[in-house]
Amino acid sequence: MGIRLLINAARFAVTFMVATVAVFIFMRAVPGDPAQIALGVNATPELLAETRAEFGTDRPLPVQYFDWTLGLFRGDFGTSYVTRRDITPLILDRVQVSLILVGLAMAAALLIAVPLGTLMAVNHRRISGILLSGLSQAGVAVPGFLAAILLVVVFAVGLGWFPANGWTPPGEDFGDFLRRVFLPVLALASVQGAILTRYARSAVLEIMSEDYLRTARAKGLGRTEALVKHGLRNAAIPVLTVTGVQLAALIIGAVVIERVFVIPGLGSLLLDAVGNRDLLTVQSVVMVLVAITLTINLLVDVLYTVLDPRIRKKA
Amino acid sequence: MSEHLLEVKDLRVSAGERTLVDGFNLELGTGERVGLIGESGSGKSMTATALMGLLPEGVSAAGSIRLAGTDHDLVGARDSRMQRIRGNRMAMVFQEPLSALNPLMRVGPQVAEVMLKHRTVPNRRAAAAKAVEMLASVRLPDPAEAARAFPHQLSGGQRQRAMLAMALANDPALLLCDEPTAALDVTVQRQVLDLILESVSRRSTGLLFITHDLSVVASICDRVLVMNNGRVVEEGTTEQVLTRPAHAYTRGLLAASDLEATDSGGRLFTVASAAAYVPPKIVSPPRRGTTTGTTTATRAARPTLPDASARTDHPAPATPAEQPDRGRGAGAVEPLISVRDLVRTYRRGRTSLFGAPAEVQALRGISFEVAAGQRFGVVGESGSGKSTLLRILAGLDQPTSGSVKVAGNEVAGARENELRQLRRELQIVFQDPMGSLDPRMRVRDIITEPLLLPGESARTARHAERAAEMLRAVDLPPEALDRFPHQFSGGQRQRISIARALIGEPRILVADEPVSALDVSVRAQVLNLLSDLVDRYNLTLVFVSHDLGVVRHLCDNVVVMNQGLIVESGPTEQIYEDPQHGYTRTLVASSMSLRSEMAGRAMDSREEVTSQGEGQ
């Protein structure tokens, strides 16, 4: 198990380094001089040269790369060429918002998906199972922004139970945070939950026909007892895989929901930065996303090892 | 004994309109051992599942099942009632020991669970201790270690022992076994069977043993029920049923499983030709277990067919007159296959940062030659390296060192395009007839594929003619050409595989356990077909199998492999009659044939009579 972890950590490091090179080259390949963008078309050559020196873009590319990478490791993303402000505090702020939003949404999705998927699998021949299955199909088909708008219309505008948009950090006013975060989390979780439910259903369905569940029943365990004691942990493995992939995709994919609810998340930051041609901010957000995705993969892998003893042996 | 342990009356199992088991009756006394024989689809497993009350959804049972000590009918009983009986009064051992154990749970807790569930132990600690005790009672080498192991860390035989420990933990009155040894190696099978027999005798547990293998039944059951198409067609004592079968189906089954009897043409009996079959008779059984004894019994029991007396001295099949020629041919001409000092080593993944990764020595320096026209058997258990050898012969894998020449082509170091010639000369029929045929290809395309040039269609007149001819050769109807593999039975699929292998007119046919997945009656047909085709097309046959009976029937020379080495080689009869190596002796002694088991029975029953006499 130790060696598996080491290999994974090494893979993490290598992938991250490769990503820094790739991102840096792609960003420099984009046409447009940051100084020119910052100053506009009417800038004098002297001013341009001065600004380039200020940004450091007049130095050779390898120097710029190492400067940027070293900054990354110190937690310093540099100063935006467009807003002339420090990127680091901005990103920290946004990452926090995104992680809270997506984390809560994914947790809620799992809370919906695992029991519902199991129920659907157990009753897959009965009307209730078929109905639930149809409902989850519909959930998969509904786009996130539509769910979000519907929720706003019903709960914020119609019933007035929750504010329609905005964000309060949990440290500031926890009650307000909860009220504001409820609808966006629900919007994200309903779509993600529907997808995960499908996977949970098929995982449990597959487990149900496994020989060891029959063995458990032959020992005298009841249907539910056998499923809970012997089935769910086995079914958790494929569900975990999908959860990991979805989680990574959602960090940025939540941007639509962020827009609807006017939440200052990472996705919104990325979109704005792309719109403003704010190269360094885009570059920074992408690196943060890479780091988050790799961390999720690492965690999923560790969880595999915890769940499945067969993997431990293979290393 | 007035009351039976188990009384099944008119059990009917049906799935909707379809009846799977019809009118099943059984009375089983305390400590009695009853065998339930049938081929796949006969309803034997369904019967056992119905007894346990574990029928799948949509399948229902009717009739009556009564188990002594429970005062109600098990048919239609509430599941909560059945839960108290399952694993307690009545337990079951399943076929595939790996999938029947929870892969994520240690073995000890899995055994302990059944005791905790039925509260036959006071607490968890006692359950854990009793679990180790149970694992010890099924003779696992290190029971405490086994209890801490996960199922994948045990071997197949050990897993089945653990299953048995689990089933016997609450000392059930009735044990159901569903093909418990079908997935095990020959030597392990014998050990597990002995263990089951010993365990149930010691505890006076009633045993219902489900199997397709008549020799297994002969070795452990008192009485036998034969099922076909959901009905019991014959019932009686093991002796009676296996030596004087009354029903045509039983006779057919018996004839087809008896690899030591051949008809006047030297072919195995099939269900169709069973009328001429003479079941084994028990003539003064000698001591059990020793090889010489077994074969003497076999000899004595050999059927007295018109030409049997002439064959007895040359039990090798096919054309015994040609055999000496083949033997001499091996020395005189260049051998068709020549393997010299073949070594194949695999590297395992690293398990530690330090030290070299573990190496698996699949083949540890083997040499042999196969002459043209020979029927060459390769016998070995799982892990013996026979599959690796096969892959290398077919050019699908490279030797680590040594030389392998197949029909003049050197495999070692050959590049992919150099192996094309070799693959034209050597074709394989694989074990699993379902898995080795592409489910989305029509039979026509499967069979003609080896002939096609790149981009060529399988529907040209020339190829259609060849495909039809091959189908005729393997006794399949011409309309089979346009069907898909799943529309055929296992035996038919294996015929398709054979047709595909032979269409390119190879000189060597390699058969990798081609009949191990087939039912007994089909097995005989496929073996006969294989034998006929080898003669008709002058093929050299390399036949890989764990089943000594099949190899003995089919092959004239054999090598015995164990742990990557050839431990013994020579003419088949010599190896079987007089094995020199310890491993070969164990293998021969462990392998079960109908006749040797019947002989063993007679011996045992005589012993029983003697001991009873002494007791009185």
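The structure presented is a predicted model; accordingly, all values stated were derived computationally and were not measured.

Peer 1: Residue-level account of the overall build of chain A, with values.
Peer 2: Secondary structure summary: chain A contains 14 helices and zero strands in total. The buried share among the 315 residues of chain A stands at 33%. Intrachain contacts of chain A at a sequence separation of at least 6 include 69% that bridge at least 24 residues.

Peer 1: Can you break down the overall build of chain B residue by residue, with the values?
Peer 2: Helices and strands together make up the secondary structure of chain B, namely 23 helices and 19 strands. Here chain B holds 616 residues, and 48% of them are scored as buried. Sequence-distant contacts, at least 24 apart, represent 68% of the contacts inside chain B between residues at least 6 apart.

Peer 1: Can you lay out the sheet that holds strand E4 (residues 59-67) of chain B for me, pointing to particular residues and giving the numbers?
Peer 2: Residue and element names in this part refer to chain B. As summarised here, the arrangement of the three strands in space is E2-E1-E4, forming an open sheet in which the pairing is antiparallel. Since the sheet does not close on itself, it has two edges, and those belong to strand E2 (18-28) and E4, each with one partner. Put simply, the sheet's adjacent strands are angled 5° from each other on average, direction ignored. As paired elements, strand E1 (residues 6-15) and E4 share eight bridges and run antiparallel to each other. Pairing of Ala15 across the sheet is with Val59, part of E4. Contacting E1, E2 and E4, helix H1 (residues 44-52) runs over the sheet at an angle of about 70° to E2.

Peer 1: Can you lay out the interface of chain A and chain B for me, pointing to particular residues and giving the numbers?
Peer 2: Counting residues at the interface gives 22 residues for chain A, matched by 30 residues for chain B. Of all the secondary-structure elements, those providing two or more residues to the side of chain A that touches chain B are helix H9 (211-218), helix H10 (223-253) and helix H14 (309-314) of chain A. In terms of residues, the side of chain A that touches chain B owes the most to one element, H9 of chain A, which gives six residues. Residue composition of the side of chain A that touches chain B, by class: seven nonpolar, five polar and ten charged.

Peer 1: Lay out the domain arrangement of chain B in plain terms, naming residues and giving numbers.
Peer 2: All names here are of chain B. As far as domains go, chain B holds domain 1 (245-274) and domain 2 (316-322 + 333-348 + 357-580). For domain 1 and domain 2, the distance between their C-alpha centres works out to 26 Å. Across the contact, twelve residues belong to domain 1 and 14 residues belong to domain 2.

Peer 1: Any details on the packing of helix H5 (residues 87-122) of chain A against helix H8 (residues 174-208) of chain A? Residues and values, ideally.
Peer 2: Residues and elements named next belong to chain A. Following both chains from N to C, one finds H5 and H8 inclined at 35°, their axes separated by 5 Å at the closest point. Pair H5 / H8 crosses with right-handed handedness. Among the residues forming the contact of H5 with H8, the class breakdown is 23 nonpolar, five polar and one charged.

Peer 1: Help me get a handle on the sheet that holds strand E8 (residues 223-228) of chain B, residues and values and all.
Peer 2: All names here are of chain B. Spatially, six strands are ordered E5-E6-E7-E3-E8-E9 in an open sheet, and the strand pairing comes out mixed. What marks the edges here is a single partner per strand, and that holds for strand E5 (90-93) and strand E9 (231-237). If you compare each strand with its neighbour and ignore which way they point, the axes differ by 15° on average. Judged from the four bridges that link them, E5 and strand E6 (residues 174-178) form a sheet pairing that is parallel. Paired with Met92 across the bridge in E6 is Leu176.

Peer 1: I'd like a rundown of helix H10 (residues 248-257) of chain B, residues and numbers included.
Peer 2: With eight of its ten residues buried, H10 of chain B lies for the most part within the structure. If you check which residues of H10 of chain B are buried, you get Tyr249, Thr250, Gly252, Leu253, Leu254, Ala255, Ala256 and Ser257 of chain B.

Peer 1: Describe helix H4 (residues 61-74) of chain A, naming the residues involved and giving the relevant values.
Peer 2: All names here are of chain A. An ideal rise of 1.5 Å per residue puts 20 Å on 14 residues; H4 measures up with 20 Å between its terminal C-alpha atoms. Little of H4 sits inside the fold, with one of its 14 residues counted as buried. With its phi angle positive at about 80°, Gly75 sits one or two positions after the end of H4.

Peer 1: Tell me what's going on with the environment of Val510 of chain B, and back it up with residues and numbers.
Peer 2: Structurally, Val510 of chain B is set in strand E16 (residues 508-512). In contact with Val510 of chain B, other than residues within four places in its own chain, are Leu390, Leu393, Ala394, Leu426, Ile428 and Val542 of chain B.

Peer 1: Describe in detail the confidence of the model for chain A, supporting the description with residues and values.
Peer 2: Averaged over chain A, the pLDDT score is 85; the fraction of residues at 70 or greater is 98%. In the model of chain A, H14 of chain A stands out as the element of lowest mean pLDDT, 69, in contrast to H9 of chain A, which has the highest, 92.

Peer 1: Pulling in residues and values, what's your account of the environment of Val188 of chain B?
Peer 2: Residue and element names in this part refer to chain B. Counting through the fold element by element, Val188 comes out in helix H7 (residues 186-203). According to the C-beta neighbour criterion, Val188 is buried, with 20 such atoms within 10 Å. In this structure the C-alpha to C-alpha distance between Val188 and Gln160, which are 28 residues apart in sequence, comes to 9.9 Å. For Val188, the residues in contact, after removing those within four places along its chain, are Gly156 and Gly157.

Peer 1: Run through the nonpolar core, naming residues and quoting values.
Peer 2: The tendency in soluble globular proteins is for nonpolar side chains to be buried as a group. All names here are of chain B. Core analysis: the biggest nonpolar cluster contains 243 residues, and Val111, Leu135 and Leu393 have the highest contact counts within it. Counting contributing residues, this core receives three or more from each of domain 1 (245-274) and domain 2 (316-322 + 333-348 + 357-580). Apart from residues no more than four positions distant in its own chain, Leu393 is found in contact with Ile337, Val404, Val406, Leu426, Val510 and Val542.

Peer 1: How would you sum up the pairing of strand E17 (residues 540-545) of chain B? Please name residues and give values.
Peer 2: Residue and element names in this part refer to chain B. Across the six residues that make up E17, a large majority, six, are buried. Neither face of E17 is left uncovered, since the one carrying Thr540, Val542 and Val544 and the one carrying Leu541, Phe543 and Ser545 both have all their residues buried. One ladder, built from five bridges, connects E16 with E17; its direction is parallel. Of the residues in E17, the one forming a bridge with Val510 is Val542. This β-α-β element, E16 to helix H19 (residues 520-536) to E17, shows right-handed connectivity.

Peer 1: Explain the packing of helix H7 (residues 144-158) of chain A against H8 of chain A residue by residue, including any values.
Peer 2: All names here are of chain A. Where H7 meets H8, the axes come as close as 9 Å, and the angle between the chain directions of the two elements is 140°. With respect to each other, H7 and H8 are oriented oblique. Remark: the crossing between H7 and H8 carries right-handed chirality. Facing H7, whose interface residues are Gly144, Ala147, Ala148, Leu151, Val152, Phe155 and Ala156, H8 presents Leu183, Leu186, Ala187, Leu188, Ser190 and Val191. Split by residue class, the contact of H7 with H8 holds eleven nonpolar, two polar and no charged.

Peer 1: Can you break down the pairing of strand E3 (residues 33-37) of chain B residue by residue, with the values?
Peer 2: Residues and elements named next belong to chain B. Buried residues dominate E3, accounting for five of its five residues. A two-sided burial pattern is seen for E3, the buried positions comprising Arg33, Gly35 and Ile37 on one face and Val34 and Leu36 on the other. Examined bridge by bridge, E3 and strand E7 (residues 206-211) share five bridges and lie parallel to one another. Bridge assignment links Arg33 to a residue of E7, and that residue is Leu207. Relative to E8, E3 runs parallel, the two being bridged by four bridges.

Peer 1: Describe the confidence of the model for chain B, listing the residues and the values that go with them.
Peer 2: Residue and element names in this part refer to chain B. Residues of chain B with pLDDT of at least 70 account for 87%, and the chain-wide mean is 83. Overall, residues 284-331 carries pLDDT values under 50, and its contacts beyond four positions in sequence, including any with other chains, amount to 69 contacts. Within the model, pLDDT remains below 50 along residues 611-616, and this stretch shows zero contacts once partners closer than five positions in the same chain are excluded. Here the predicted complex carries an ipTM of 0.77, next to a pTM of 0.78.

Peer 1: How would you summarise the environment of Ala173 of chain B if you had to cite specific residues and measurements?
Peer 2: One can find Ala173 of chain B in the loop between helix H6 (156-168) and E6. The exposure class assigned to Ala173 of chain B is buried, which follows from the 23 C-beta atoms found within 10 Å.

Conventions we followed
Residues numbered from 1 in each chain as written. Chains lettered and ligands numbered in written order. Predicted model: local features only at pLDDT ≥ 70, side-chain atom pairs only at ≥ 80, totals over all residues. Helix = DSSP H or I, 4+ residues; strand = E, 2+ residues; numbered from the N terminus. Buried ≥ 20, exposed ≤ 12 C-beta atoms within 10 Å, placed from the backbone. Contact = placed C-beta atoms within 7 Å. Pairing = 2+ DSSP bridges. Axes fitted to C-alpha atoms, helices over the stretch in contact; angles between N-to-C directions. Nonpolar A, V, L, I, M, F, W, Y, C, P; charged D, E, K, R; others polar. Domains from an automatic or database assignment. Left-handed = near helix turned anticlockwise from the far one by under 90°. Expected span 1.5 Å × (residues − 1). pLDDT = per-residue confidence, 0-100. Core = buried A, V, L, I, M, F, W, Y, C linked by C-beta atoms within 7 Å. Right-handed = clockwise from strand over helix to strand, strands pointing away. Parallel < 35°, antiparallel > 145°, perpendicular 65-115°, else oblique.

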